[in-house]
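A closer look at the structure
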Amino acid sequence: MKHSELADAECAIAQALGVVGDWWTLLVVRDVAGGIARFDDLQRELDISRKTLTERLKSLVANEVLEKVHYSERPPRYEYRLTDKGRGLLPVLIALQDWGTRHVSGDGSLTGTSAPSSAEARRVHGLVGKRVPAIGLPAHTGELADAVPARWTVLYAFPGAFAPAGTPLPPDWGDIPGAAGCTLESVTYRDRFADFDRADVAVRGLSTQRPDQLRAFADHVRLPFSLLSDEDLALTAALRLPTFRAHGVDRLKRMTMVVDPARTIRAVQFPVTDPAGSVDEALASVTRLRG
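Note that the coordinates shown come from a computational prediction; the quantities given were computed from them, not determined experimentally.

Conventions adopted
Residues numbered from 1 in each chain as written. Predicted model: local features only at pLDDT ≥ 70, side-chain atom pairs only at ≥ 80, totals over all residues. Heavy atoms only, no water. Pairing = 2+ DSSP bridges. Helix = DSSP H or I, 4+ residues; strand = E, 2+ residues; numbered from the N terminus. Expected span 1.5 Å × (residues − 1). Buried < 20%, exposed > 50% of the residue type's maximum accessible area, 1.4 Å probe, protein only. Arc of directions from axis to C-beta. Contact = heavy atoms within 4.5 Å. Salt bridge = Lys/Arg side-chain N within 4 Å of Asp/Glu carboxyl O. Core = buried A, V, L, I, M, F, W, Y, C linked by side-chain atoms within 4.5 Å. Polar contact = N/O pair within 3.5 Å; in protein donor to acceptor, adjacent residues only side chain to side chain. Phe/Tyr/Trp six-rings, centres within 6.5 Å; stacked < 30°, edge-to-face > 60°. Lys NZ or Arg CZ within 6 Å of the ring centre and 35° of its normal. Axes fitted to C-alpha atoms, helices over the stretch in contact; angles between N-to-C directions. Parallel < 35°, antiparallel > 145°, perpendicular 65-115°, else oblique. Left-handed = near helix turned anticlockwise from the far one by under 90°. Nonpolar A, V, L, I, M, F, W, Y, C, P; charged D, E, K, R; others polar.

1. Digging into the pairing of strand 8 (residues 243–246)
- Pairing geometry for strand 8 and strand 9 (residues 249–252), over four bridges, is antiparallel. Following the sheet pairing, Phe244 is matched in strand 9 by Arg251.
- Joining the antiparallel neighbours strand 8 and strand 9 is a turn of two residues, in which His247 adopts a positive phi near 55°.

The structure is reproduced here in structure tokens:
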């Protein structure tokens, strides 16, 4: 089958490949999802020719994956943003990232953590200096919330926390390296919350679980801070956070980010091998960074 015929094929996979079937196209979507919205910035980040980038952007706009938005009338300049159709590709990006981490750079084992010397760990520590995009996420309390309020914030990502009377633990959860420990981590933040609050530091938990699951857990352990649901993978894809897929769900690997009031990531903990100890480390990082 010729590439030009893919969009007309009866197979949905072939139809999708007719839109995003070359690697430049998905990399453009990846970077736009990460907040790189302007032509020159995309070209610089991707190290791609202007002609190739122009063609890919034109195709993505024509297929309603991206939309062009004016940011300058004279001279006319545009930004590119994901449409709802484009945001539907975020799970595809995360699936490719997870597959590459597990089967290309890894040994194929299912794991919720990573070796400190791994390519994934280097990528995650490369988040230092990046800005956290302003994306409203459902909080366990029912409202949309920003992952980073206008102050120093500790944002800790975790695979899954479960209330005894709510959703049961996934099968063999304890056998997945790095999966267990979410309750211990969260209740340690709860027990140390007064120390963070006195330092005027916000605490936020982040998971790909549904808001109702997070609400059941937060109510069970009486958390005084918000847990945010990234079940649509918007923030996960924007920052390319480390994930693993277990029992049909994309889950975040345990990591912690210290973010300043300007939304810049100033410190990262990954991998986190001591969930309780990471709380002390996060508070010490904020204290050190604030001088």
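Right, picking up where we left off after that structure.
2. Brief notes about helix 4 (residues 50–62)
- A rise of 1.5 Å per residue sets the reference length of helix 4, with its 13 residues, at 18 Å; its end C-alpha atoms lie 18 Å apart and thus fit the reference within 8%.
- Every buried residue of helix 4 is listed here: Thr52, Leu53, Arg56, Leu57 and Leu60. All buried residues of helix 4 project into a common sector of 125° when viewed along the axis, lining one side. Every exposed residue of helix 4 that faces more than 90 degrees away from the buried side is listed here: Lys51, Lys58 and Ala62.
- Against the buried residues of helix 4 lie helix 2 (23–33), helix 3 (39–46), strand 1 (66–72) and strand 2 (77–82).
- Taken from the residues just after helix 4, Glu64 is the one with a positive phi, measuring 60°.

3. Description of the pattern of salt bridges
- Following the criterion strictly, the structure yields 20 salt bridges and no others.
- Here Lys51 and Glu55 are joined by a salt bridge, their closest N and O atoms 2.7 Å apart. Of this pair, Lys51 and Glu55 both sit in helix 4, separated by four residues, roughly a single helical turn.
- Judged by relative accessible area, which is 60%, Lys51 ranks as exposed.
- Residue Glu55 is classed as partly exposed on the basis of its relative accessible area, which comes to 37%.
- Among the salt bridges present, the one from Arg56 reaches Glu55, with a minimum N-O distance of 3.4 Å.
- Overall, Arg56 belongs to the buried group, its relative accessible area being 18%.
- A single network of salt bridges, built from pairs that share partners, joins Asp22, Lys51, Glu55 and Arg56.

4. Re the nonpolar core
- Val154, Tyr189, Phe196, Phe225 and Leu227 are the most contacted members of the largest nonpolar core, which has 25 residues in total.
- Contributing elements (two or more residues each) for this core: strand 5 (153–157), helix 8 (182–191), helix 9 (193–198), helix 10 (211–221) and helix 12 (277–289).
- If sequence neighbours within four positions are ignored, Phe225 has contacts with His140, Tyr156, Ser186, Tyr189, Arg190, Phe193, Val203 and Gly205.

5. Some remarks on the side chain of Gln269
- Here Gln269 lies in strand 11 (residues 265–269).
- Judged by relative accessible area, Gln269 falls into the buried class, the value being 7%.
- Reaching out from Gln269, the side chain makes a polar contact with the backbone oxygen of Ser278 at a distance of 3.1 Å.
- Excluding its chain neighbours within four sequence positions, the residues that come into contact with Gln269 are Met255, Thr256, Ser278, Glu281 and Ala282.

6. Here's the deal with the environment of Asp212
- Along the chain, the position of Asp212 falls in helix 10.
- Counting along the chain gives 131 residues from Asp212 to Arg81, while the straight-line C-alpha distance between them is 30 Å.
- Within the local environment of Asp212, its side chain forms a polar contact with the side chain of Arg210, the two groups lying 2.9 Å apart.

7. Concerning the packing of aromatic side chains
- Scanning the model with the defined rule gives nine aromatic pairs in all.
- Taking 5.8 Å as the distance between ring centres and 90° as the angle between the ring planes, the aromatic pair formed by Phe162 and Trp173 counts as edge-to-face. Of this pair, Phe162 sits in the loop between strand 5 and helix 8 while Trp173 sits in the loop between strand 5 and helix 8, placing them eleven residues apart in sequence. With respect to class, Phe162 is no different from Trp173; both count as buried.
- One aromatic cluster in this structure is built from Tyr156, Phe158, Tyr189, Phe193, Phe196 and Phe225.
- Its end group placed over the ring of Tyr71, Arg38 keeps NZ or CZ at 3.6 Å from the ring centre.
- Sitting above the plane of the Tyr78 ring, Lys68 keeps its charged end 4.2 Å from the centroid.

8. Overview of the packing of helix 3 against helix 4
- Taken N-terminus to C-terminus, the directions of helix 3 and helix 4 make an angle of 120°; their axes are 10 Å apart at the nearest point. Judged by the inter-axis angle, helix 3 sits oblique to helix 4. Handedness of the helix 3/helix 4 crossing: right-handed. Facing helix 3, whose interface residues are Phe39, Asp40, Leu42, Gln43 and Leu46, helix 4 presents Arg50, Leu53, Thr54 and Leu57.
- Per-class residue counts for the contact of helix 3 with helix 4 are five nonpolar, two polar and two charged.

9. Overview of the environment of Ser226
- Within the secondary structure, Ser226 sits in strand 7 (residues 226–229).
- Residue class for Ser226 comes out buried when judged on its relative accessible area of 14%.
- In this structure the C-alpha to C-alpha distance between Ser226 and Pro138, which are 88 residues apart in sequence, comes to 9.7 Å.
- With sequence-adjacent residues up to four places away left out, Ser226 is seen in contact with Ala139, His140, Val203, Arg204 and Gly205.

This is a description of form; function is not addressed.
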